[in-house]
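Single-letter residue listing:
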Amino acid sequence: MVSPKDLVLITGATGHVGSWTLVQLLREGYRVRAAVRSQAKAAAVRARPQIQALNPGRRLSFVIVPDITAPGAYDNAVEGATHIIHIASPLASGGNGVPLNQHDAHFIQPAVRGTISLLEAANLGGTVRRVVITSSFIALVPMDELTGTRKRDPSRPVSPNDRIPFAPGPYESEFAAYAASKVAALHHAEAWMERERPPFDVVHLHPGFVLGRNDTATTAGQAMQGTNSVVLALLLGKRFGPYAGATVHASDVARAHVSALDPTVLGNQSYILSQSARWNDAIAIAKREFPEAIKTKLLVTGGSVKTTPLPIDASLTEETFGFKFASYEDQVINVVEHFLELRLRKTGVQMVSSSAPTKRRVVVNVSAIAC
């Protein structure tokens, strides 16, 4: 039960997972302090329709942390906080915009320093009872298994207790550097907890590819960013991969972050937030659920994303948090609905339901669409 004295500090609230988690916190009645990089970002978060609809008032406040790698970056931010949800971490862009010689500075160091700085601040503050850290599924799986270079033994599913060694750079891609940053942050956090023995515990959450409506995106181009881009690029005809077949709905990730604040959830433990999926199943889902978008070429069926199959054991998560993960179909529908909504917004076209309750029909004025 939420106490009026509980105050949750959240980092990363300007991002995809963070925005879902912030809404979930406010819905469940928590007082929330969001650490953001600037006043402009604070204003943007408060102005989101999803936040405005909740009318949080004084339950939502902000603290400015311009550089998460700076010494003592979070010292003021944690004042009076009882819980922390740490989501902020550098993300891969999906390309190779970060030069190879800057991977360590861009990915590894911010991930490690930001995490340790937050733990140190929590220890100094003296009021924090639990820290929830967003790690990643890829922190548990060797890179060659993620890419399919080496096949994982099907009888040995990925487990929340798996750990892999940190591999220093240089890295061949942004994705490899991002994966290494998650491994490094997990190793450093666990080593710090073992060494310092603070009065709080830590829960590490390991989501796979997070799919779901991204309300920080206000254009179709912005919707193409992040992990949603894998599904959307596939349905726009791109052929690429391989990507690990491990996905999770953003709503499940948010629920798990908030549920992890409950003291009945075992601390100093990792939990996997993912289920197995085949990326190309999105094509059949789109044909079934968005037939008009396929007919009018807003979506196409010629794309392909090679899936690296990985066995996953998320039973501890389901037992602990008491819910089943939303299906890959639900994830795809949520992503595509939002993309089409944004794609058609400037034309005045609306997406409406067809007579069949499981179908999504797009009413399209073809002459108004620049495909």
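Structure: see above.
Predicted, not measured: the structure shown is a model, and the values here were computed from it.

*Asks:* Before we move on, can you summarise the nonpolar core with the specific residues and values?
*Replies:* Counting residues in each nonpolar core, the largest one holds 115 residues, and the members touching the most others are Tyr74 and Leu299. No other element matches the eleven residues that helix 6 (residues 174-196) contributes to this core. When neighbours within four sequence positions are excluded, Tyr74 is seen to be in contact with Thr11, Ala35, Val65, Ile68, His86, Gly114, Ser117, Leu118 and Ala121.

*Asks:* I'd like to hear about the packing of helix 1 (residues 16-27) against helix 9 (residues 250-259), residue by residue, with values.
*Replies:* Helix 9 packs onto helix 1 with a crossing angle of 55 degrees between their chain directions and a minimal axis gap of 8 Å. Considering the angle they form, helix 1 stands oblique to helix 9. As for how helix 1 packs across helix 9, the hand of that crossing is right-handed. On helix 9, the residues touching His16, Val17, Trp20, Thr21, Gln24 and Leu25 of helix 1 are Ala250, Ser251, Val253, Ala254, Arg255, His257 and Val258. Residue composition of the contact of helix 1 with helix 9, by class: seven nonpolar, five polar and one charged.

*Asks:* Got a sec to walk through the pattern of salt bridges? Specific residues and values, please.
*Replies:* Overall, the coordinates contain 18 salt bridges when judged by the stated rule. Where Asp162 meets Arg152, a salt bridge forms, and the shortest distance between an N and an O atom there is 3.1 Å. Placement of Asp162 in the loop between helix 5 (143-146) and helix 6 and of Arg152 in the loop between helix 5 and helix 6 is noted, with a sequence separation of ten residues between them. The buried category is assigned to Arg152, whose relative accessible area is 4%. Across the pair Lys324 and Glu318 runs a salt bridge, and its minimum N-O distance is 3.3 Å. The class of Lys324 is exposed, set by a relative accessible area of 63%.

*Asks:* Please set out the side chain of Asn334 residue by residue, giving values where relevant.
*Replies:* Within the fold, Asn334 resides in helix 13 (residues 328-345). Here the side chain of Asn334 touches Arg213 through a polar contact of 2.9 Å, landing on its backbone nitrogen. Among residues more than four places away in sequence, those in contact with Asn334 are Trp20, Gly212, Arg213 and His249.

*Asks:* I'd like a description of unusual backbone geometry, backed by residues and values.
*Replies:* For the peptide bond that leads from Gly169 to Pro170, omega is 10 degrees, which places it in the cis range. By the secondary structure assignment, Pro170 is in the loop between helix 5 and helix 6. Here the residue pair Gly241 and Pro242 is connected by a cis peptide bond, since its omega of 10 degrees sits within 30 degrees of zero. Residue position: Pro242 is located in strand 8 (residues 239-244). Positive phi outside glycine occurs at Asn268, with the angle close to 50 degrees. By secondary structure assignment, the location of Asn268 is in the loop between helix 9 and strand 10 (269-273). Take Asn268: its relative accessible area is 54%, and that puts it in the exposed class.

Cut-offs applied
Residues numbered from 1 in each chain as written. Predicted model: local features only at pLDDT ≥ 70, side-chain atom pairs only at ≥ 80, totals over all residues. Heavy atoms only, no water. Core = buried A, V, L, I, M, F, W, Y, C linked by side-chain atoms within 4.5 Å. Buried < 20%, exposed > 50% of the residue type's maximum accessible area, 1.4 Å probe, protein only. Helix = DSSP H or I, 4+ residues; strand = E, 2+ residues; numbered from the N terminus. Contact = heavy atoms within 4.5 Å. Axes fitted to C-alpha atoms, helices over the stretch in contact; angles between N-to-C directions. Parallel < 35°, antiparallel > 145°, perpendicular 65-115°, else oblique. Left-handed = near helix turned anticlockwise from the far one by under 90°. Nonpolar A, V, L, I, M, F, W, Y, C, P; charged D, E, K, R; others polar. Salt bridge = Lys/Arg side-chain N within 4 Å of Asp/Glu carboxyl O. Polar contact = N/O pair within 3.5 Å; in protein donor to acceptor, adjacent residues only side chain to side chain.

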